Amino acid sequence: MTEATQEQRLLDRMAAIGPVAVAYSGGADSALVLAAAVRALGAERVVAVTAVSESLAAEELPRARRLAEQVGVVHLTPRTEELTRPGYRANGRDRCYFCKSEVLDTIAALAGEHGYDQVATGTNADDARDPHRPGIRAGRERGIHTPLLDIGLDKAAVRRLSRAWSLPTWDKPATPCLASRIRYGIEVTPYRLARVDRAETAVRALLADAGLTVTDLRVRDLGDVVRLEIDPPLVDRVAAHPEISRALAAAGYGDLPQHVEPFRSGRLNVEP
């Protein structure tokens, strides 16, 4: 399928959905859905909704807001309460189901209050092939639209089309929720989420000051160990950085052993 064909199919799909609330995290996938909705329907028939909770990294909301302003849509930022759901706090391998249930229920209710009966997410074709995506089931149960998946767009296609449309998110690294950094079986708490966020923010700032360009960075809360995962070529330099250990300690990991290792997406999904 050519890029022009993909573009037209996406626009046609958004037009068929009609006025829509986009569950908009600010990542590459949902940003493309938002931009496509505006192109197909006009900004006045689209609303962006970003769920705000302890699981959203602090730096993500301002970025999401800027792009929503750029495409000219109303941007709603409801508070969601994932931590009130026992299944989410328990942090089993179905955690994302409970998270998405809370987020989508909140978004759908708010969208309805603003006159939008349809909700769309940025779920793509790669997501549907990943066996560790229980959140997709929550969307299906609620009749949520998945336009990227519907027309078979995978992550590579999302990035190509986003770049063609000059979206600033075209090369944005994946930014899953902060709970994804906590080893399964360890309770998700506000303290653990905030600690991960503080640590990642502090490490990114240190590496930027050192002139190191970082693509992927995760602070993994493993219970009895904290593991900093970084782009593989940077592992040795980051491990040798004199301030990294102190930054992790100051963020709340002072009493835990620290490891610096190469980043691997979804690593906690395959670890015992």
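Going by the structure above, here's the rest.
Below or above, wherever it landed, is the structure these notes cover. Quick caveat: nothing in here was measured; it's all calculated off a predicted structure.

### Regarding the overall build of the chain
And step 1. When helices and strands are counted, the chain shows 13 helices and seven strands.
And step 2. Here the C-alpha radius of gyration of the chain, 19 Å, is about what a compact globule of 272 residues would show, namely 19 Å.
And step 3. Viewed in the frame of its principal axes, the chain has a C-alpha envelope of about 55 × 40 × 30 Å.
And step 4. The buried share among the 272 residues of the chain stands at 52%.
And step 5. Expressed as a percentage of contacts within the chain between residues at least 6 apart in sequence, the contacts between residues at least 24 apart total 73%.
And step 6. Total accessible area on the chain is roughly 12,200 Å²; 51% of this is exposed by carbon and sulfur atoms.
And step 7. When the 36 positive and 37 negative side-chain charges of the chain are each reduced to one mean point, those points stand 2 Å apart.

### Details of the pattern of salt bridges
And step 1. Counting across every chain of the model gives 27 salt bridges.
And step 2. E7 is the partner of R39 in a salt bridge, and the nearest nitrogen-oxygen pair spans 4.0 Å. Of the two residues, R39 is situated in helix α2 (residues 28-41) and E7 in helix α1 (residues 3-17); the sequence distance between them amounts to 32 residues.
And step 3. Its relative accessible area of 47% is what places R39 among the partly exposed residues.
And step 4. Judged by its relative accessible area of 24%, E7 is partly exposed.
And step 5. The residue K172 makes a salt bridge to E60 at a minimum N-O spacing of 2.8 Å. Separated by 112 residues along the polypeptide, K172 in the loop between α9 (155-164) and α10 (190-209) and E60 in helix α3 (residues 60-71) bring together distant segments of the chain. For the pair K172 and E60, one class covers both residues: buried.

### Examining unusual backbone geometry
And step 1. A positive phi is found at N91, a non-glycine position, where the angle reads about 60°.
And step 2. For N91, the position within the fold is in the loop between α4 (86-90) and α5 (95-113).
And step 3. For N91, a relative accessible area of 0% translates into the label buried.

### Thoughts on the packing of aromatic side chains
The description of an aromatic ring pair rests on the distance of the ring centres and on the angle between the ring planes.
And step 1. Inspection of the entire model under this criterion finds one aromatic pair.
And step 2. Taking the centre distance of 5.4 Å and the plane angle of 85° together, the rings of Y97 and F98 count as edge-to-face.
And step 3. One cation-aromatic arrangement involves R39 over W165; the distance from NZ or CZ to the ring centre is 4.0 Å.
And step 4. Over the face of the ring belonging to W170 we find R163, whose NZ or CZ atom lies 4.3 Å from the ring centre.

Definitions and limits used
Residues numbered from 1 in each chain as written. Predicted model: local features only at pLDDT ≥ 70, side-chain atom pairs only at ≥ 80, totals over all residues. Heavy atoms only, no water. Helix = DSSP H or I, 4+ residues; strand = E, 2+ residues; numbered from the N terminus. Rg over C-alpha atoms; globule rule 2.2 N^0.38 Å. Buried < 20%, exposed > 50% of the residue type's maximum accessible area, 1.4 Å probe, protein only. Contact = heavy atoms within 4.5 Å. Areas by Shrake-Rupley, 256 points an atom, 1.4 Å probe, with all protein chains shown as cover. Lys, Arg positive; Asp, Glu negative; His and termini not counted. Charge placed at Lys NZ, Arg CZ, Asp CG, Glu CD. Salt bridge = Lys/Arg side-chain N within 4 Å of Asp/Glu carboxyl O. Phe/Tyr/Trp six-rings, centres within 6.5 Å; stacked < 30°, edge-to-face > 60°. Lys NZ or Arg CZ within 6 Å of the ring centre and 35° of its normal.

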